[in-house]
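Next come the chains, spelled out residue by residue.
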Amino acid sequence: MELNENARIDTSQVEDRRGSGGGGGGIPIPIPAGGGGRGGLVGIIIAVLVALVGGGFGLNAMSGDGGEAGDNTALEQKCAADDALQQLDCRNTLYVNSIQAYWQRALPEAFGERYTPSKTIFFSQGVSTGCGQADSGVGPFYCPADDQVYIDLTFYRVLADQLGAEGEFAQPYVLAHEYGHHVQDLLGTEAQMRRQQQRDPGDANALSVKLELQADCYAGAWAKNATGTADAQGQRIFTSISEQDISQAIDTAEKIGDDAIQQRSGRPVNPDEFTHGTSEQRKEWFTRGYQTGDPKSCDTFGSGS
Ligand SMILES: [Zn+2]
């Protein structure tokens, strides 16, 4: 994967709420109670399981208050500098730019709907959102109540160290998955699915799996079209994406499959508890989106699969 050095990084699409430290590095992700030994590790893995969920998990929806305001000044300067692409936060901002540039064009084309941009909030440790208070342990997520993506960038280390999902391309995959939830929100798919869950609680997990797999498929559709995305001046954002990058995304999708995570945490594999889909399903739907490059092919609800 190669990013274009000349692409302008649009930091207005993100909000930096990491505080004055701003580095985002070196802050340990809190280990759940009983942590330290294997229990702690398992706790993190289970938290990561919830990670790519995008709403619907244990956040207390208490206030509609979006919480503290961010300060992008430091990030703006950093991402305008010559070595910006060496910086994790600037690269992630550029990934967000590419994903949203894709949907600006693809949403009207595929579904006849206008795309409304959504910000990604960089936070460290904890953050207050329209879906309630969240801490880093829950991993990246999309909050439909305030239409924003939230990520503590140290999550990528957890992904690499604890789950073995390495490689840079895991990062845009994670973000593209979360923006997939934003698209579902814009299309009303998410709301429809929540209503269906209320009508039929026994089917709630199966419905959640369909929503998650569709977000994976949308991520694949973006990946296929990512080299065609450009900044506001028309400069391409990616100069190349290789087969290896795609394999990394598929590998990440597999590593975070429900069965894989249950196995890693030492629990028996129980399909009734699946909320995201198996490794095989996640791989399959990302691949479908990638191969077709068409979000219309991501009909996880209609295909009965
Ligand atoms: Zn998700």
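Worth saying up front: this structure is predicted, and the values here are computed from it rather than measured.

Trainee: Tell me about the packing of aromatic side chains, and please be specific about residues and values.
Mentor: For the coordinates displayed, the defined rule picks out eight aromatic pairs. Where Tyr95 meets Phe238, the ring centres are 6.1 Å apart and the plane angle is 5°; that geometry is what we call stacked. Remark: Phe238 occurs in strand β8 (residues 238–240) and Tyr95 occurs in helix α3 (residues 88–111); sequence separation between them is 143 residues. Since its relative accessible area comes to 0%, Tyr95 is described here as buried. Under the relative-accessibility criterion, Phe238 is labelled buried at 0%.

Trainee: How would you explain the pairing of strand β2 (residues 14–17) if you had to name every residue and give the values?
Mentor: Here β2 shows a buried face lined by Val14 and Asp16 and a second buried face lined by Glu15 and Arg17. Inspection of the sheet shows β2 paired to strand β3 (residues 120–123) by four bridges, in the parallel sense. Looking across to β3, one finds that Asp16 is bridged to Phe122.

Trainee: Summarise unusual backbone geometry; cite the residues concerned and give the values.
Mentor: With a phi close to 70°, Gln125 is a non-glycine residue in the positive phi region. By secondary structure assignment, the location of Gln125 is in the loop between β3 and β4 (126–129). Non-glycine residue Asp147 carries a positive phi angle of around 60°. By the secondary structure assignment, Asp147 is in the loop between β6 (141–143) and β7 (148–151). A relative accessible area of 34% means that Asp147 is categorised as partly exposed.

Trainee: I'd like to hear about the pattern of salt bridges, residue by residue, with values.
Mentor: Taken as a whole, this structure holds ten salt bridges when the rule is applied. Of the charged contacts in the structure, one is a salt bridge between Lys78 and Asp89, with a shortest N-O distance of 2.7 Å. Linking Lys78 in helix α2 (residues 73–80) with Asp89 in helix α3, this pair joins segments that are eleven residues apart in sequence. Taking the relative accessible area as the measure of exposure, Lys78 reaches 25% and is therefore partly exposed. Across the pair Lys296 and Asp294 runs a salt bridge, and its minimum N-O distance is 3.6 Å. Relative accessible area serves as the criterion here: at 48%, Lys296 is assigned to the partly exposed category. Taking relative accessible area as the criterion, Asp294 reaches 25% and is therefore assigned partly exposed. Put simply, Asp16, Arg18, Lys78 and Asp89 are held in one network by salt bridges that share partners.

Trainee: Describe in detail the pairing of strand β5 (residues 132–135), supporting the description with residues and values.
Mentor: Sheet topology places β4 next to β5; four bridges connect them, and they run antiparallel. Across the sheet, the residue bridging to Ser128 is Gln133, located in β5. Linking two consecutive strands that pair antiparallel, namely β4 and β5, is a turn of two residues.

Trainee: Provide a residue-level description of helix α7 (residues 204–225), including the pertinent values.
Mentor: Between its terminal C-alpha atoms α7 stretches 32 Å, which fits the 32 Å expected from 22 residues at 1.5 Å a residue. Within α7, 19 of the 22 residues are buried, leaving the element largely enclosed by the surrounding structure.

Trainee: Describe the packing of helix α5 (residues 170–187) against α7, listing the residues and the values that go with them.
Mentor: A pair of packed helices is characterised by two quantities: the angle between their axes and the separation of those axes. With their axes 8 Å apart at the nearest point, α5 and α7 run at an angle of 115° to one another. Note on packing geometry: the crossing formed by α5 with α7 is right-handed. Contacts from Pro172, Tyr173, Ala176, His177, Gly180, His181, Val183, Gln184 and Leu187 in α5 reach Leu211, Glu212, Gln214, Ala215, Asp216, Tyr218, Ala219 and Trp222 in α7. Its residues assigned to classes, the contact of α5 with α7 shows ten nonpolar, five polar and two charged.

Trainee: I'd like a description of the nonpolar core, backed by residues and values.
Mentor: Among the nonpolar cores identified, the biggest contains 58 residues, and Trp103, Leu159, Trp222 and Phe286 are the most heavily contacted of them. Contributing elements (two or more residues each) for this core: α2, α3, β7, α4 (155–161), α5, α7, α8 (243–255) and α10 (279–292). For this core, the element with the most residues is α3, which contributes nine residues. Residues within four places of Trp103 in sequence aside, it is in contact with Pro108, Tyr115, Val183, Tyr218 and Pro295. By size, the runner-up hydrophobic cluster in this structure holds nine residues, among which are Ile121, Phe123, Val127 and Cys143.

Trainee: Describe the side chain of Gln100, and please don't skip the residues or the numbers.
Mentor: As for its placement among the helices and strands, Gln100 is situated in helix α3. Within the local environment of Gln100, its side chain forms a polar contact with the side chain of Tyr115, the two groups lying 2.6 Å apart. A polar contact of 2.8 Å, which involves the side chain of Gln100, links it to the backbone nitrogen of Ser118. The residues contacting Gln100, other than those within four sequence positions of it, are Gln13, Tyr115, Pro117, Ser118 and Tyr179.

Trainee: Before we move on, can you summarise the confidence of the model for the protein with the specific residues and values?
Mentor: Per-residue pLDDT for the protein averages 85, and the proportion of residues at 70 or more is 83%. The element-level mean pLDDT for the protein is lowest in helix α1 (residues 38–51), coming to 46, with α3 highest at 98. The model gives residues 20–66 a pLDDT under 50, and that stretch makes 102 contacts with residues more than four places away or in other chains.

Scoring rules and cut-offs
- Residues numbered from 1 in each chain as written.
- Predicted model: local features only at pLDDT ≥ 70, side-chain atom pairs only at ≥ 80, totals over all residues.
- Heavy atoms only, no water.
- Phe/Tyr/Trp six-rings, centres within 6.5 Å; stacked < 30°, edge-to-face > 60°.
- Helix = DSSP H or I, 4+ residues; strand = E, 2+ residues; numbered from the N terminus.
- Buried < 20%, exposed > 50% of the residue type's maximum accessible area, 1.4 Å probe, protein only.
- Pairing = 2+ DSSP bridges.
- Salt bridge = Lys/Arg side-chain N within 4 Å of Asp/Glu carboxyl O.
- Expected span 1.5 Å × (residues − 1).
- Axes fitted to C-alpha atoms, helices over the stretch in contact; angles between N-to-C directions.
- Left-handed = near helix turned anticlockwise from the far one by under 90°.
- Contact = heavy atoms within 4.5 Å.
- Nonpolar A, V, L, I, M, F, W, Y, C, P; charged D, E, K, R; others polar.
- Core = buried A, V, L, I, M, F, W, Y, C linked by side-chain atoms within 4.5 Å.
- Polar contact = N/O pair within 3.5 Å; in protein donor to acceptor, adjacent residues only side chain to side chain.
- pLDDT = per-residue confidence, 0-100.

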